[in-house]
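Structural description and commentary
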Amino acid sequence: MRRSISTLAGLTLIGLLGTVSTAPAADPDAARLPPRHATLPDLQGAYLPRSKSERARIASVTAPTRDFTAPERFEENPAGAATVRVRPTADAFSDPSGNIGLEGRMRFNLGNGLFTRAWVSAPSSTIASDGLGPLYNARGCQQCHLKDGRGHPPVDESDPPVALFLRLSIPHDGTDDPASTAAATEIEDWLATRPDPVYGGQLQNFALAGHTAEGQMTIDYTNVPVALSGGESVTLRAPSYAIADPGYGPMRDDLMISPRIAPQMIGLGLLESIPAAEILARADPDDRDGDGISGRASIVMSDEFHTPMLGRFGHKAGKATVKEQSAAAFAGDMGLSTPIFPDSTGECSPAQEACRAAPDGGDRDTGLEVSGDALDLVSFYASNLGVPARRAPGDPEVLRGKQVFYETGCTACHTPKYVTARATPEAEDQAQSFQLIWPYTDLLLHDMGEGLADNRPEGRATGREWRTPPLWGIGLTAQVTGRESYLHDGRARSLLEAVLWHGGEAQAARDRVVEMEPDDRAALLRFLEDI
């Protein structure tokens, strides 16, 4: 009998790591964090604690390899039992996790319907789809997350920037702001800012008929040539951002802006299921090991649970859970209310009176435009977008590139492997439970240098820090979205360009890539394309 990827992966992992243990686990390396944050709760799911012996077995399985002559066990299935087979089409990121079963697929399809929905203004005869705006960045989730993959910046002035927008904030000036005050009180090293009092937390460049958009983002690029070993060269493009045609008065002199591109969506539920303690254990803010890498945990005030949690999602890890990230996108990108963000005016500020006075699409009983059930379905969909299997992990050039990746120091931030938390038997969603995964991220904040700096603090992240993005599926970007665009604003048009933008803590690794033999550099890129 032919068994599926998910069945084989599940059986082999259980055999390798053993059966469940319910003994309490110690908190590893608690001294690396401020005392108040030595531990952080995993409230996003119901999980069993790891025993000391289970932790030891997992540490053995996830230890960095030293053998590059053949693929590691299970490496062809980067999402464990949730891995999906690769489609040769633009839908490669759109399949459900391989282990969610029939009922899960039904929920996934319902969530997909909401994710791809084009929302309209209220009032409308399609009452289940009205409430858009009045100010917004997109009419639906998939307008930004193209085919569940990355967005891309506009090609030219005729291409509206839908998947790329500007975050806005100003320095905190002591004005009463409950959200900022709570975070600053509860979270150490919090860099207090607040939304612009007129334009809010992001620039909405679209508006419904009869309303005025907040403004338009403009981008100017400057070419930056980079010479590589072997006579090769690459031209980077350095972007400069500004706001044109402000619709509600001049912008403040102290306004801070940060461009953000929509990231790919695969594997989010698995990232959410990595125990917070194992992410925190990798933090090294004072570089105690002297390797030049000083990852810091993003600690955020949970919008749903109202307590500090580990930030995992967003380019600066500003949200703790998939559900909170989804609700924030409904509110900020589309102006839609949810149980987590119930204001039906979305990002409209008190200064935008016409926006706040416009009719909304709120339910007659709850007042919400996106119900709790709908938000749960979208979150389930986003959590269960499957990670495609590796294409050629045993190819000799791929294996050589993997060795170069390790020896260059890339794994200091792009941590290859984890085992997700084991869900309790009664937990509703078991798809992410106890999976050996290969996301290539530590989910920590790192100083990436002046070239990538946005000079806009967000939470604990400074203006030079970004969360390490997961790399799985990155080689399928052009196939899924039609072209390549990487980094937080899509400026990099190839994987090599993305590498060459690395600075700060990654400067030494970047310089090794510049100086290495061209064949090794080609092998490195081949490995990245296969992840």
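Residues numbered from 1 in each chain as written. Predicted model: local features only at pLDDT ≥ 70, side-chain atom pairs only at ≥ 80, totals over all residues. Heavy atoms only, no water.

Bringing the pairing of strand β7 (residues 233-244) into the picture now. Summarising the sheet, strand β6 (residues 216-227) and β7 pair through twelve bridges and their orientation is antiparallel. Paired with N223 across the bridge in β7 is R237. Hairpin connection between β6 and β7: a loop of five residues separates the two successive antiparallel strands, and G230 in this loop has a positive phi of roughly 75 degrees. (Pairing = 2+ DSSP bridges. Helix = DSSP H or I, 4+ residues; strand = E, 2+ residues; numbered from the N terminus.)

Take the pattern of salt bridges next. This model, assessed by the stated rule, comprises 30 salt bridges. Between R252 and D254 there is a salt bridge, and its shortest N-O distance comes to 2.8 Å. Here R252 falls in the partly exposed class, since its relative accessible area comes to 33%. Two residues, R356 and D343, come together in a salt bridge whose shortest N-O distance is 3.5 Å. Of this pair, R356 sits in helix α9 (residues 353-357) while D343 sits in the loop between α8 (322-334) and α9, placing them 13 residues apart in sequence. Accessibility expressed as a relative area gives 35% for R356, which makes it partly exposed. Within this structure, E72, E75, R390, K402, K417 and D530 form a network of salt bridges that share partners. (Salt bridge = Lys/Arg side-chain N within 4 Å of Asp/Glu carboxyl O. Buried < 20%, exposed > 50% of the residue type's maximum accessible area, 1.4 Å probe, protein only.)

A separate point is unusual backbone geometry. Keep in mind that most residues, glycine aside, have a negative phi and that most peptide bonds are trans. The peptide bond linking A122 to P123 adopts the cis configuration, its omega dihedral lying at -5 degrees. Along the chain, P123 turns up in the loop between α3 (101-115) and β2 (135-136). Of note, the amide linkage connecting G133 to P134 takes the cis form, showing an omega dihedral of 10 degrees. Tracing the backbone through its elements, the reader meets P134 in the loop between α3 and β2.

Bringing the side chain of T424 into the picture now. Turning to its location among the elements, T424 is positioned in the loop between β12 (422-423) and β13 (436-437). What makes T424 buried here is its relative accessible area of 9%. Residue contacts for T424: discarding those within four places in its chain leaves A46, Y47, L48 and Q430. (Contact = heavy atoms within 4.5 Å.)

This part covers the packing of aromatic side chains. Using the criterion set out here, one finds ten aromatic pairs in the structure. Here the aromatic rings of F68 and Y406 are separated by 5.2 Å at their centres, their planes lie at 70 degrees, and the arrangement is edge-to-face. Of the two residues, F68 sits in the loop between α2 (52-62) and α3 while Y406 sits in helix α11 (residues 396-408), which places them 338 residues apart along the sequence. Residues F68 and Y406 agree in their burial class; the two are buried. Consider the rings of F405 and Y440, whose centres lie 5.7 Å apart with planes at 85 degrees: the pair is edge-to-face. With F405 in helix α11 and Y440 in the loop between β13 and β14 (445-447), the pair connects residues that are 35 residues apart, well separated along the chain. (Phe/Tyr/Trp six-rings, centres within 6.5 Å; stacked < 30°, edge-to-face > 60°.)

A few words now on the environment of T338. Checked against the element boundaries, T338 lands in the loop between α8 and α9. Judged by its relative accessible area of 0%, T338 is buried. Here the alpha-carbon distance between T338 and A82, two residues 256 residues apart in the chain, equals 29 Å. Excluding anything up to four places from it in sequence, T338 contacts A327, F330, L368, V370 and L375.

So, about the sheet that holds strand β3 (residues 164-171). Strand order in the open sheet made by the three strands is β4-β3-β8, with antiparallel pairing throughout. The two strands at the open ends of the sheet, each matched to only one other strand, are β4 (193-194) and β8 (256-261).

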